[in-house]
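Fold and geometry: a report
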Amino acid sequence: MYNSPYLRQNTSVRRVMVTVLVAMLPAIAMQVWLFGIGLLLQIAIASATALACEAAMLSLRRRPVARALGDGSALVTAWLIAVCLPPLLPWWMIVIGTSFAIIIGKHLYGGLGQNPFNPAMLAYCVLIISFPALMSQWPGLQGSDAATQLNWVLGGERALDAVTGATPLDALRTGLLGNADVSAVMQSPAFGHVAGAGWEWVALAWGAGGLLLLALRIITWHIPAAFLGAMALVSGVAWLIDPSHYASPAFHLLAGGTMLGAFFIATDPVSGATTPRGKLIFAAGIALIAWLIRAFGAYPDGIAFAVLLLNICVPLIDIKTQPPVFGHKVEPPDGGAR
Amino acid sequence: MLNKLFSFNGGVKPDPNKSASTREPIARLALPPQLVIPLHQHIGGTPRPLVTVGSTVLGGQRIGAPDGNVSSAVHAPTSGRVVAIEPRPMPHASGLSSPAVVIEPDGLDTAIERELFDWHAAAPGEIRDFLRDAGVVGLGGAVFPSHLKLNPGKSGHTDTLVINGAECEPFITCDDMLMRAEPGNILRGALIMQRMLAAKQVLVALEDNKPEAAAALKSAARALGHASLEVVVVPTRYPAGGAKQLIRVLTGIEVPHGSRSTDFGVQCFNVATALAVWRALEHGEPLTRRIVTVTGNVERPRNFDVAIGTPISHLFAAAGLKPDTDKLIMGGPMMGIPLPNIDAPVVKATNCLLASSPTLFAPPEPELPCIRCGECARACPADLQPFELYWHSRARNFGRAQEYKLFDCIECGCCAYVCPSHIPLVDYYRYAKSEIWARERDKDAADSARERFEFRNWRADREKEEKAAKLAARNAAKPAVKPADGAAPAADVAPSAGEDPKKALIEAAMARARAQKEAVAAKNTDALTPAQQAQIDAAEERRKRASELSGSDAPVK
Ligand code: SF4
Ligand code: SF4
């Protein structure tokens, strides 16, 4: 016997997760097209690791394995890890990151829906703290052939300077440390039009995927708008004050993980704020801290750390931003009727 | 005239599924061999039976007298003989029985002589009493006695009278068909209500998916030619027909939980109730019939004009219940209650009987953990955070659930409708609410026990004091003979004078405590929907059974 409502919308967690995966495809395709198939290999390794860890944890926790595997949430985590890591990392790093995300980041907290931290960002932070050198090698646009990429990912000899370059954010940091000013650094070929040769196109593809999520009502506008708005605002103010030391808002919006973060990372429902105002605060907070780390910190991109920091604040943000309940928005006319 | 509609947040747009039952006009259903007329069909006191087993009754004869003013009369729908007065299964989710008058119709359908009532000349109080005795209650499902609501309250007037024909729930079409069939009389009933409430304007509202009914009402309104009466078509979105949501759409006013809309100058009635008021006052017809939609997994979905007390099986037989039916529902697919018994009777609250099959309403998919996607919050018309209510209800953290305004939840089901994790959210709220009610009741019981205890102590103290005082008085009276006349009464008075302020204090404190308790109880347990009442009853019954069980299991000493 079950009770009302008997009518249910045709929806499911799997449908939500699959939609997210589909929305990631444009950016993945763009990156593969510009930088080679290394990313696909990374996605495959991360997916396999995630599913294996998920299955293992579920059976350890004596939960129905097949149903939970089918919900697609482990795949979303895996794909997000794969796309936020530098391409062409050796396979074991991806395995370490993904297993950490699924086992520690997700299941030790109680599984789907219970994790306070964004698992993909947890994996990223663990890897960048443990392997800072490997984590800052990014392939340049000149690219490498598929065989080389395969070889690299599978752990072969790495001819570092041949095809890797710094990311634009890295190049900017190094340049500024060497006392060059922003416009001089920007002359380097790695920068492309605005924010890194090729990478700006990948960023735009993330944006396109994000708009798809918005259109399909998987996410609301609050997080991307506040994220991008706050990023544009802080970087814009700094840039207006001192354009020789601070990159332009356009650079910050298209560089690094801004677009990916705004539409796909910060919008993770489980670890993010849930109220409309809370989402605005949460996302703006991430953007602000990410910019601070980019401008003054020791790591090239600060989005992962910013997300984790704000994850900690979520319970507080949610409590402080509860929207008014129907009928409790204004005082009743005769001062509290009854 | 109304030139701006407001909107409420949230809501969902399920497939209305209304066309099947609106193809044929309303059919008058033949009388069944037996009518089972429950005495308690409304919010408030249970009527006293006015007939005995074996008495003959006439159509329209009162068979249950209202128990106090917060109650309503019950009538025989036709002439016949009373064959039993006993508990019968009710159309409640709980499957509980309640006292009913069972009548075997004699087939003559002789009506009792109608009470003629000149409502034009009557005072509002008299009209209210008449409606109470005519058994007129809200027919939208809440079955609140209408006469209690037809009172403008302290201010003496009302701004807006809302006549609710929105009928937002899928499948249900009884109001739609009624508006098509009797638009003029509905509006006449509304105008009587307007007079009683001294309402400045009357807004008859319905959703834009009922164009025929809207056209019928509009032309009837033109014919009546009242400037203050307007037919308003509102956008279709479930639950636009919820009284609070409709009031919000029409006036922009949000009536908070626990408040009456009268305090905000608004009163809201269902269209069928307006018609019942008209029939009662103009024709002296008590409420003995209603329109019921029979739809879903049936051969011939249709609306029937049914005598109250007709067994539900009789209606499904008329509509042709399909064999693969797995469940019967009273009400719609969003808020309807599962019917445990097909022989339960149609009551005043029965607006729709819905047969379900596994293909029509698939059994729920397995529940997954909440992913905090917030879909439910976006769909909630009460602006709640349903997933928070769910977390706390599930964790039996009822205090927190109440902080998140559990009792503002109208159990509309929008949240469960959209939840991608297929969580039966409303079940969790119902569970939490019934637990909280049970706890409050236990606490009340403990409170009154404590009060009794305190009272006993106080009485013992008083008796001791009185004795001491009397003794003192006697002692004082002894030595002096003459002044004793004056002293003794003075001494007698003294203790009582000394005790009076104390007694008054204690009584005041007890009264305060009672008032506080009532206020607390009122917050959560007033304005109950029949479904909630049924839950309370069911919870009560469970407890009773549990204690009986533990009693019988107890070892014999
Ligand atoms: S819709 Fe369901 S899964 Fe989403 S937040 Fe609400 S309860 Fe959780
Ligand atoms: S059932 Fe309650 S919590 Fe759910 S949408 Fe309706 S009012 Fe909101």
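What you are looking at is a predicted structure, and each value in this text was computed from that prediction instead of being measured. Along each chain, the written sequence defines residue order, and numbers are assigned to residues from 1. Working convention: letters from A go to chains and numbers from 1 go to ligands, in the order in which they are written. Side-chain atom pairs in this predicted model are given and counted only at pLDDT of 80 or more, local residue features only at pLDDT of at least 70, and totals for whole chains, interfaces and linings cover all residues. Hydrogens and water are ignored here; the side-chain numbers use all heavy atoms of the structure.

Looking now at the overall build of chain A. Helix and strand definitions follow DSSP, with helices as H or I runs of at least four residues and strands as E runs of at least two, each counted in order from the N terminus. Helix and strand content of chain A: 17 helices and two strands. Burial classes follow relative accessibility: with a 1.4 Å probe on protein chains only, a residue under 20% of its type's maximum area counts as buried, one over 50% as exposed, and anything between as partly exposed. Across the 338 residues in chain A, those meeting the buried criterion constitute 55%. Here the accessible surface of atoms and residues is derived via Shrake-Rupley with a 1.4 Å probe, and residues count as covered only by protein chains that are part of the display. Put simply, chain A shows about 14100 Å² of open surface, and 69% of that area lies on carbon and sulfur atoms.

The subject of this paragraph is the pairing of strand 15 (residues 327-330) of chain B. Residues and elements named next belong to chain B. Residues Lys327 and Ile329 point to one face of strand 15 and Leu328 and Met330 to the other, with burial holding for every one of them. Of the pairings in the sheet, the one linking strand 15 to strand 17 (residues 352-356) comprises four bridges and is antiparallel in character. Residue pairing across strands places Ile329 opposite Leu354, the latter belonging to strand 17. DSSP calls a pair of strands paired once it identifies at least 2 bridges connecting them. Here strand 15 pairs with strand 16 (residues 337-338) via two bridges, running antiparallel. Bridge pairing in strand 16 places Met330 opposite Ile337. Between strand 15 and strand 16, which pair antiparallel and follow one another directly, the connecting turn spans six residues, one of which, Gly331, has a positive phi of 105°.

Our next topic: the site of ligand 1. Neighbouring ligand 1 are the residues Cys370, Ile371, Arg372, Cys373, Gly374, Glu375, Cys376, Phe387, Cys419, Pro420, Ser421 and Leu425 of chain B. Basically, the charged four are Asp, Glu, Lys and Arg, the nonpolar ten are Ala, Val, Leu, Ile, Met, Phe, Trp, Tyr, Cys and Pro, and anything else, Gly included, counts as polar. For the shell around ligand 1, the class distribution of residues is eight nonpolar, two polar and two charged. Proximity is defined per residue: if any heavy atom of the residue lies within 4 Å of a molecule or strand, that residue is considered near it.

Residue and element names in this part refer to chain A. Along the chain, Leu150 turns up in helix 8 (residues 146-153). Using a relative accessible area of 33% as the deciding quantity, one classes Leu150 as partly exposed. Each C-alpha atom of the pair Leu150 and Arg61 lies 36 Å from the other, and the pair is 89 residues apart in sequence.

Residues and elements named next belong to chain B. Between Lys or Arg on one side and Asp or Glu on the other, a salt bridge is scored when a side-chain nitrogen of the former is within 4 Å of a carboxyl oxygen of the latter. Within this structure, the stated rule accounts for 21 salt bridges over all chains. In this structure, Arg394 and Glu367 form a salt bridge, with 3.9 Å as the shortest nitrogen-oxygen distance. One end of the pair, Arg394, is in helix 10 (residues 386-394); the other, Glu367, is in the loop between strand 17 and helix 9 (375-379), with 27 residues separating them in the sequence. Exposure remark for Arg394: the relative accessible area of 47% places this residue in the partly exposed category.

This paragraph deals with the interface of chain A and chain B. With 41 residues of chain A at the contact, the number on the chain B side is 65 residues. Two parts lose some accessible area (1.4 Å probe) when they are put together, and adding that loss for both gives the buried area. When the two sides are added together, the surface that chain A and chain B hide from each other amounts to roughly 4600 Å², 57% of it contributed by carbon and sulfur. The three residues of chain A that bury the most area against chain B are Tyr6, Leu7 and Phe326 of chain A, which together make up 19% of that side's buried surface. A salt bridge links Asp318 of chain A to Arg372 of chain B; its shortest N-O distance comes to 3.6 Å. Pairs of N or O atoms within 3.5 Å make up the polar contacts considered here, provided that, within protein, one atom can donate a hydrogen while the other can accept it, and that residues adjacent in sequence are counted only when both atoms are side-chain atoms. Linking chain A with chain B are 13 residue pairs in polar contact (both at pLDDT 80 or more). With three residues, helix 17 (residues 303-320) of chain A is the largest single contributor of residues to the side of chain A that touches chain B. In terms of residue class, the side of chain A that touches chain B is built from 19 nonpolar, 14 polar and eight charged. Any pair of residues with heavy atoms lying within 4.5 Å of one another is described as a contacting pair.

Residues and elements named next belong to chain A. Helix 17 packs onto helix 16 (residues 276-296) with a crossing angle of 150° between their chain directions and a minimal axis gap of 9 Å. It follows from the interaxial angle that helix 16 and helix 17 lie roughly antiparallel. Judged by the twist between their axes, the crossing of helix 16 over helix 17 is right-handed. When helix 16 is examined against helix 17, the residues Arg277, Gly278, Ile281, Phe282, Gly285, Ile286, Ile289, Ala290, Ile293 and Arg294 are found in contact with a partner set consisting of Ile303, Phe305, Ala306, Val307, Leu309, Leu310, Asn311, Val314, Ile317 and Lys320. Within the contact of helix 16 with helix 17, the residues separate by chemical class into 14 nonpolar, three polar and three charged. For every element, the axis is a line fit to its C-alpha atoms; helices are fit only across the contacting stretch, and the angle between N-to-C directions ranges from 0 to 180 degrees. Comment on the angle field: the value is read as roughly parallel under 35 degrees, roughly antiparallel over 145, roughly perpendicular from 65 to 115, and oblique elsewhere. Two helices that cross are described as forming a left-handed crossing if the nearer one is turned anticlockwise from the farther one by less than a right angle, and a right-handed crossing if clockwise.

We call a set of buried Ala, Val, Leu, Ile, Met, Phe, Trp, Tyr and Cys residues a nonpolar core when their side-chain atoms join them within 4.5 Å. With 89 residues, the main nonpolar core has Met24, Trp206, Phe227, Phe264 and Phe282 of chain A as its most contacted residues. The dominant element in this core, judged by the number of residues it contributes, is helix 1 (residues 13-35) of chain A, at 10 residues. With residues near it in sequence (within four places) discarded, Trp206 of chain A still touches Met24, Ala27, Val83, Met259, Leu260, Phe263 and Phe264 of chain A. Grouped together as the second largest cluster of nonpolar side chains are 87 residues, Ile163, Leu191, Leu275 and Leu339 of chain B included.

With that settled, consider a nonpolar patch on the surface. A contiguous nonpolar surface patch, about 600 Å² in accessible area, is contributed by Ile37, Leu40, Trp91, Trp92, Ile96, Leu150 and Leu154 of chain A. The element that contributes the greatest number of residues to the nonpolar patch is helix 5 (residues 91-106) of chain A, accounting for three residues. The patch calculation keeps residues exceeding 30% relative accessible area without a salt bridge and links them within 9 Å when they carry like charges or within 5 Å when they are nonpolar (Val, Leu, Ile, Met, Phe, Trp, Tyr).

Okay, the sheet that holds strand 4 (residues 56-57) of chain B next. The strand order across the open sheet formed by four strands is 2-8-7-4 (chain B), and the pairing between neighbours is antiparallel. Lying at the two open borders of the sheet, with one neighbouring strand each, are strand 2 (35-38) and strand 4 of chain B.

Omega for the bond connecting Ser4 of chain A with Pro5 of chain A falls within 30 degrees of zero, at -5°, which places this linkage in the cis form. Within the fold, Pro5 of chain A resides in the segment before helix 1. With omega at -5°, the peptide bond leading from Tyr238 of chain B into Pro239 of chain B counts as cis. The phi dihedral of Val143 of chain B falls on the positive side, at around 40°, and the residue is not glycine. Mapping Val143 of chain B onto the fold places it in the loop between helix 1 (124-133) and helix 2 (146-149). What makes Val143 of chain B buried here is its relative accessible area of 3%. Residue Arg396 of chain B is not a glycine yet carries a positive backbone phi of 55°. Topologically, Arg396 of chain B is positioned in the loop between helix 10 and helix 11 (398-403).

Residue and element names in this part refer to chain A. Packing of helix 4 (residues 73-84) against helix 5 brings their axes to within 10 Å, and their N-to-C directions diverge by 135°. The orientation of helix 4 with respect to helix 5, classified from their angle, is oblique. For the pair helix 4 and helix 5, the sense of crossing is right-handed. Two secondary-structure elements touch here, helix 4 through Ser73, Ala74, Thr77 and Ile81 and helix 5 through Gly97, Thr98, Ala101, Ile102 and Lys106. The residue makeup of the contact of helix 4 with helix 5, split by class, is four nonpolar, four polar and one charged.

All names here are of chain B. Within the secondary structure, Gly399 is located in helix 11. Given a relative accessible area of 43%, Gly399 falls into the partly exposed group. On a C-alpha basis, the gap between Gly399 and Pro424 in space is 21 Å, while along the polypeptide they are 25 residues apart.

Take helix 5 of chain A next. Residue and element names in this part refer to chain A. Under the 1.5 Å per step criterion, the end-to-end length of helix 5 is 21 Å for 16 residues, consistent within 8% with the ideal 22 Å. Of all the bends in helix 5, the greatest, near 25°, is centred on Phe100. Taken residue by residue, helix 5 has Met93, Ile94, Gly97, Thr98, Ser99, Ala101, Ile102, Gly105 and Lys106 as its buried positions. On its buried side, helix 5 packs onto helix 2 (38-60), helix 4, helix 6 (119-130) and helix 7 (132-135). To estimate the expected span of a helix, subtract one from its residue number and multiply by 1.5 Å. Here the bend at a residue means the angle between the axes of two seven-residue stretches, the one that ends at it and the one that starts at it.

Take the packing of aromatic side chains next. Stacked, edge-to-face and tilted are the three classes for Phe, Tyr and Trp ring pairs, Trp counted by its six-membered ring, which pair at centre distances within 6.5 Å; planes under 30 degrees apart are stacked, over 60 edge-to-face, the rest tilted. Inspection of the entire model under this criterion finds 13 aromatic pairs over all chains. Centroid distance Tyr246 of chain A to Phe296 of chain A: 6.1 Å. Interplanar angle 70°. Geometry classified as edge-to-face. Here Tyr246 of chain A is found in the loop between helix 13 (222-241) and helix 14 (249-254), whereas its partner Phe296 of chain A is found in helix 16, with 50 residues between them in sequence. The exposed category is assigned to Phe296 of chain A, whose relative accessible area is 53%. Judged by centre distance (5.9 Å) and plane angle (55°), the rings of Phe407 of chain B and Trp437 of chain B are tilted. Taken together, the residues Phe407 of chain B in the loop between helix 11 and helix 12 (414-418) and Trp437 of chain B in helix 13 (residues 425-477) connect sequence positions 30 residues apart. Judged by its relative accessible area of 7%, Phe407 of chain B falls in the buried class. You can call Trp437 of chain B buried: its relative accessible area is 3%.

As a further point, take the site of ligand 2. In the neighbourhood of ligand 2, 14 residues make up the surrounding shell, with Cys380, Cys409, Cys412, Gly413 and Cys415 of chain B lying closest. Counting residues per element, the ones that place at least two in the shell around ligand 2 are helix 12 and helix 13 of chain B.

Residue and element names in this part refer to chain B. Mapped onto the elements, Ser421 comes out in the loop between helix 12 and helix 13. Residue class for Ser421 comes out buried when judged on its relative accessible area of 1%. There is a polar contact of 2.7 Å between the side chain of Ser421 and the backbone oxygen of Pro369.

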